[in-house]
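What follows is each chain in one-letter form.
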Amino acid sequence: MAPPKGKQGTKGNKQILEENKQTVKFYVFMEFGATVFNLGCNVLFNWDDFTTARWFWLVFTLAVYFGCIQFLLYMSKPKFGEDGKVTDGGLDLNMEAGVAE
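The rules behind these values
Residues numbered from 1 in each chain as written. Predicted model: local features only at pLDDT ≥ 70, side-chain atom pairs only at ≥ 80, totals over all residues. Heavy atoms only, no water. Core = buried A, V, L, I, M, F, W, Y, C linked by side-chain atoms within 4.5 Å. Buried < 20%, exposed > 50% of the residue type's maximum accessible area, 1.4 Å probe, protein only. Helix = DSSP H or I, 4+ residues; strand = E, 2+ residues; numbered from the N terminus. Patch = residues over 30% accessible without salt bridge, like charges linked within 9 Å, V, L, I, M, F, W, Y side chains within 5 Å. Areas by Shrake-Rupley, 256 points an atom, 1.4 Å probe, with all protein chains shown as cover. Salt bridge = Lys/Arg side-chain N within 4 Å of Asp/Glu carboxyl O. Expected span 1.5 Å × (residues − 1). Contact = heavy atoms within 4.5 Å.

Observations regarding the nonpolar core
Right, on to step 1. Counting residues in each nonpolar core, the largest one holds 5 residues, listed as Val24, Ile69, Leu72, Met75 and Leu93.
Right, on to step 2. A total of 3 residues in this core trace back to one element, the largest contributor, which is helix α2 (residues 52-75).

Overview of a nonpolar patch on the surface
Right, on to step 1. On the surface, Phe56, Trp57, Phe60 and Val64 cluster together into a nonpolar patch covering about 430 Å² of accessible area.
Right, on to step 2. The class of Val64 is partly exposed, set by a relative accessible area of 39%.

A word on helix α1 (residues 13-45)
Right, on to step 1. Here α1 is 33 residues long and its end C-alpha atoms lie 48 Å apart, about the 48 Å a rise of 1.5 Å per residue gives.
Right, on to step 2. If you check which residues of α1 are buried, you get Ile16, Leu17, Asn20, Thr23, Val24, Glu31, Thr35 and Asn42.
Right, on to step 3. Buried positions along α1 lie against α2, β1 (79-80) and β2 (86-88).

Observations concerning the pattern of salt bridges
Right, on to step 1. A complete count under the given rule lists 2 salt bridges for this structure.
Right, on to step 2. Glu18 serves as the salt-bridge partner of Lys21, at 3.9 Å between the closest nitrogen and oxygen. One end of the pair, Lys21, and the other, Glu18, are both in helix α1, 3 residues apart, so they sit about a helical turn from each other.
Right, on to step 3. Take Glu18: its relative accessible area is 39%, and that puts it in the partly exposed class.
Right, on to step 4. A salt bridge links Arg54 to Asp49; the nearest nitrogen and oxygen atoms lie 3.3 Å apart.

Section: α2
In an α-helix, one full turn covers 3.6 residues, which means residues spaced three or four apart are oriented alike.
Right, on to step 1. Compared with an ideal rise of 1.5 Å per residue, which puts 24 residues at 34 Å, α2 spans 35 Å between its outermost C-alpha atoms and is within 8% of the ideal.
Right, on to step 2. Residues of α2 that are buried in the fold lie against α1.

Printed below as a string of structure tokens:
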């Protein structure tokens, strides 16, 4: 297969901003789903062995998830001009071989 000819199109700041919002929303839902699944399995199958250590690791995991989401939000923080328009959409979280991967 031949590589495409010509220059690859660039994204505008508004498109980067919208895609970053969708990406962060996706990761929030994924982390919420993983936490609910983890907690549900532990409650259903390990209730008798649900010790303080398990609660500690659950809270630790939630703290790590929260830190990761905050870091994604920090990297993708947009800058707005005085007129309210987007001047910088933040780091593109969806670029191939990018920092966010």
